[in-house]
Amino acid sequence: MEKTEICSHETTILKGNTLELNGTTLEANFPPPSASPTQGQPVALPPGSIQPRETWGGKYEFLLSCLGYCVGLGNVWRFPYLCYRNGGGVFLIPYAIMLLFTGLPLFLMELSLGQYGAAGPITVWKCCPLLKGIGMGMLLVSSLVSLYYNVIISWTFYYLGMSFQSPLPWSCDAPWNAHLCQAQNISLGNASRISASEAFWNEQVLGVVHSSGLGDPGAVRWALALCLLLAWLVIFLCILRGIHTSGKVVYFTATFPYLVLVVLIIRGATLEGSIDGVRFYLSADWSRLHSAQVWNDAASQVFYSLGIGFGGLLSMASYNKFDNNVIRDTLVIAIGNCCTSFFAGFAIFSILGHMAWRKKVPVGEVADTGPGLAFVAYPEALALLPGSAFWSVLFFLMLFTLGIDTLFGNMEGITTAVMDEFPSLRDFKRKALFLGLLCFVFYLLGLLLITEGGIYWFTLMDAYSTSFGLIIIVLFMCLGVAFFYGVNQFCQDIVDMVCRCPPWCSKLVLYFKACWVAITPGLLLFILFYIFMDLSSTTLHYGTYVYPRWGEALGVCLSIVTCIQIPLWATVALCKESGTLADRFRKAIHPLNSWRPTGGRDLPHHIIDVPYTVNLTDHDFMHQGSSEA
């Protein structure tokens, strides 16, 4: 094998066991690398050998996987709501600014770390062992999110199954809803009226009417328990073969939502009142730009919709080829994700506008966000359409594919982090056992969220698992890479990976460098400050239920557990070193020897992880030659 690095300042040629560095020949004491396995295919190895890491079967698998991971339920049920609440079309201005100065730089940083290091969220911090806690924090965040995110998919399965009947059980055409619809028509001006879809959601699906609050979970809803079991079974089967399987599945799951959105937009455009819904969605209120809430909402939506800080992006990028153009991928995925959010707003508000027209109420009274939009308002709107069962099936299939792709990314972040730390788990039998156990434990823990009071626990986890803890994790990632690993070294790493790309790629690195050093950390501090202000001035609630103090304290503890990993593992890294505290710190921020010392992907297993502090010079070679003589 002969390899020449053309992007760095030195020329290195590797022939068998001989290494030539700037004209000096060195003898290596490790065996020559074997032939590369087929991309994305498991390799038959002798007993006791460690299965090598997989790679994507093609660049489109990675792009679609990342796009499917980023384009999730929040694009459909959160962005349109934030847009109309924060000034309509004016909201796109702070949204675009936050995308440029927060979303894109952090997205590129996470993809670049994973691709250059060819490692998951924990192992990748060989580049700076002091910050290993960032990877542990990402692992915990992904675990918490996966735990409750699959509950949403179980709700989707339940509604999908109920959609194969006519009339729909949450429509006014169903005989058991006649009294609700008659009362709703009589008390049209009463804001406290309950619709048939809301009654179906609260009574038949959640059973929340039988729970008094967070401390009264009640019985498990066994229909939902079966749906949750099916959801975890689907996840297990899709990730069992790793990216070899999930990379093929995303060809459908990542593209199907776009087909449904186009169909819904075309159907919505033909309905009476749809233009009122779109006008309500985009109506401009320029005075909202003076509100800090608008800018915080824009930053938070960009941050969460791109999936930054969960470890999924880093893990998926770690399976890329070393020379993949990570800058191009960042622009395509991030901009595509944000355009999808804006595009989805037309599908949502055109049909909500028709429902408002039918009920003769303002659009604002039927608009909602989160599960309230996906499982109450929008199903009610679809029930008013001719052929409502067909549209309902289509909509919940779209929700399923949106949710399953995001969960693929989260679970990939978890499994990659663990298997990189314990490579023996890459053996198929051990991997199957590990994934089966992991999914089963998540299923058991998720049963709390599908009890009669489970929605209270779901809302608590949703509010706090990705709160200030996630922002702190990403803030330390940005500062650690910029100032401990070195922003110049990191930029050089990116240039080495994309050395064959057009010149504009290298010029963009200068822009990202400025963001990583100053602009992005400043905006993250703004978000963090606003979150703390919000926590101190507002109380968490679900509907009319206000959470008790102990419930909010429990939620704060969830966020603290994720971000406290940073100082804990930094202390461990310092204790492993020797010398004074300053010496320990300097050693702990140096990359380990196994931090990609060559452009190759797989390293010999006998490499010892010690701080990479020894540098050979020409004098060392001259001295060696004279001593041998």
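Residues numbered from 1 in each chain as written. Predicted model: local features only at pLDDT ≥ 70, side-chain atom pairs only at ≥ 80, totals over all residues. Heavy atoms only, no water.

**Here's the deal with the pattern of salt bridges**
Turning to step 1, where the next piece is worked out: Across all of its chains, the model carries seven salt bridges by this definition.
Turning to step 2, where the next piece is worked out: Notably, a salt bridge pairs Lys-359 with Glu-380, separated by 3.0 Å at the nearest N-O pair. Here Glu-380 lies in helix H15 (residues 371–383) and Lys-359 lies in helix H14 (residues 326–359), a separation of 21 residues in the sequence. Each member of the pair Lys-359 and Glu-380 is classed as buried.
Turning to step 3, where the next piece is worked out: The shortest N-O distance in the salt bridge between Arg-426 and Asp-420 comes to 2.9 Å. Here the two residues Arg-426 and Asp-420 agree in accessibility, since each one is buried. (Salt bridge = Lys/Arg side-chain N within 4 Å of Asp/Glu carboxyl O. Helix = DSSP H or I, 4+ residues; strand = E, 2+ residues; numbered from the N terminus. Buried < 20%, exposed > 50% of the residue type's maximum accessible area, 1.4 Å probe, protein only.)

**Description of helix H12 (residues 292–305)**
Turning to step 1, where the next piece is worked out: The terminal C-alpha atoms of H12 lie 20 Å apart, and with 14 residues this matches the ideal 20 Å at 1.5 Å per residue to within 8%.
Turning to step 2, where the next piece is worked out: Most of H12 sits out of view: ten of its 14 residues are buried.
Turning to step 3, where the next piece is worked out: Burial in H12 covers these residues: Val-294, Asn-296, Asp-297, Ala-298, Ala-299, Ser-300, Gln-301, Val-302, Phe-303 and Ser-305.
Turning to step 4, where the next piece is worked out: For H12, the N-terminal capping position is held by Ser-291, with its side-chain oxygen 3.2 Å away from the main-chain nitrogen of Gln-293. (Expected span 1.5 Å × (residues − 1). Polar contact = N/O pair within 3.5 Å; in protein donor to acceptor, adjacent residues only side chain to side chain.)

**Focus on the environment of Ile-564**
Turning to step 1, where the next piece is worked out: Note on placement: Ile-564 falls in the loop between helix H21 (549–563) and helix H22 (565–576).
Turning to step 2, where the next piece is worked out: It is 7.8 Å that separates the C-alpha atoms of Ile-564 and Gly-137, two residues lying 427 residues apart in sequence.

**Digging into empty space enclosed by the protein**
Turning to step 1, where the next piece is worked out: Inspection of the entire model under this criterion finds four cavities of 30 Å³ or more.
Turning to step 2, where the next piece is worked out: In this structure, the largest cavity occupies an estimated 70 Å³ of space.
Turning to step 3, where the next piece is worked out: Elements supplying a minimum of two residues to the lining of the largest cavity: helix H1 (59–70), helix H9 (243–253) and helix H16 (388–421).
Turning to step 4, where the next piece is worked out: For the lining of the largest cavity, the element with the most residues is H16, which contributes four residues.
Turning to step 5, where the next piece is worked out: Here the residues of the lining of the largest cavity are counted per class, giving six nonpolar, three polar and two charged. (1 Å grid on protein atoms, 1.4 Å probe; cavity = no way out; pocket = protein on both sides within 12 Å on 5 of 7 lines; lining within 4 Å. Points joined across faces, edges and corners; volume = space filled by probe spheres on them. Nonpolar A, V, L, I, M, F, W, Y, C, P; charged D, E, K, R; others polar.)

**Observations regarding a nonpolar patch on the surface**
Turning to step 1, where the next piece is worked out: A surface patch of nonpolar side chains, amounting to about 390 Å² of accessible area, comprises Leu-479, Phe-483, Phe-484, Val-517 and Phe-585.
Turning to step 2, where the next piece is worked out: In terms of residue count, helix H19 (residues 468–497) provides more of the nonpolar patch than any other element does, three residues in total. (Patch = residues over 30% accessible without salt bridge, like charges linked within 9 Å, V, L, I, M, F, W, Y side chains within 5 Å. Areas by Shrake-Rupley, 256 points an atom, 1.4 Å probe, with all protein chains shown as cover.)

**Quick word on the confidence of the model for the chain**
Turning to step 1, where the next piece is worked out: The predicted model of the chain has a mean per-residue pLDDT of 83, with 85% of residues at 70 or higher.
Turning to step 2, where the next piece is worked out: Scored below 50 in pLDDT, residues 597–629 shows 43 contacts in the model against residues more than four places distant or in partner chains. (pLDDT = per-residue confidence, 0-100. Contact = heavy atoms within 4.5 Å.)

**Description of H14**
Turning to step 1, where the next piece is worked out: The end-to-end C-alpha distance of H14 is 49 Å, a good match for the 50 Å that 34 residues give at a rise of 1.5 Å each.
Turning to step 2, where the next piece is worked out: Where H14 begins, the side chain of Asn-325 points an oxygen toward the backbone nitrogen of Ile-327, at a separation of 3.3 Å.
Turning to step 3, where the next piece is worked out: Directly beyond the C-terminal end of H14, a positive phi value near 55 degrees is found at Lys-360.

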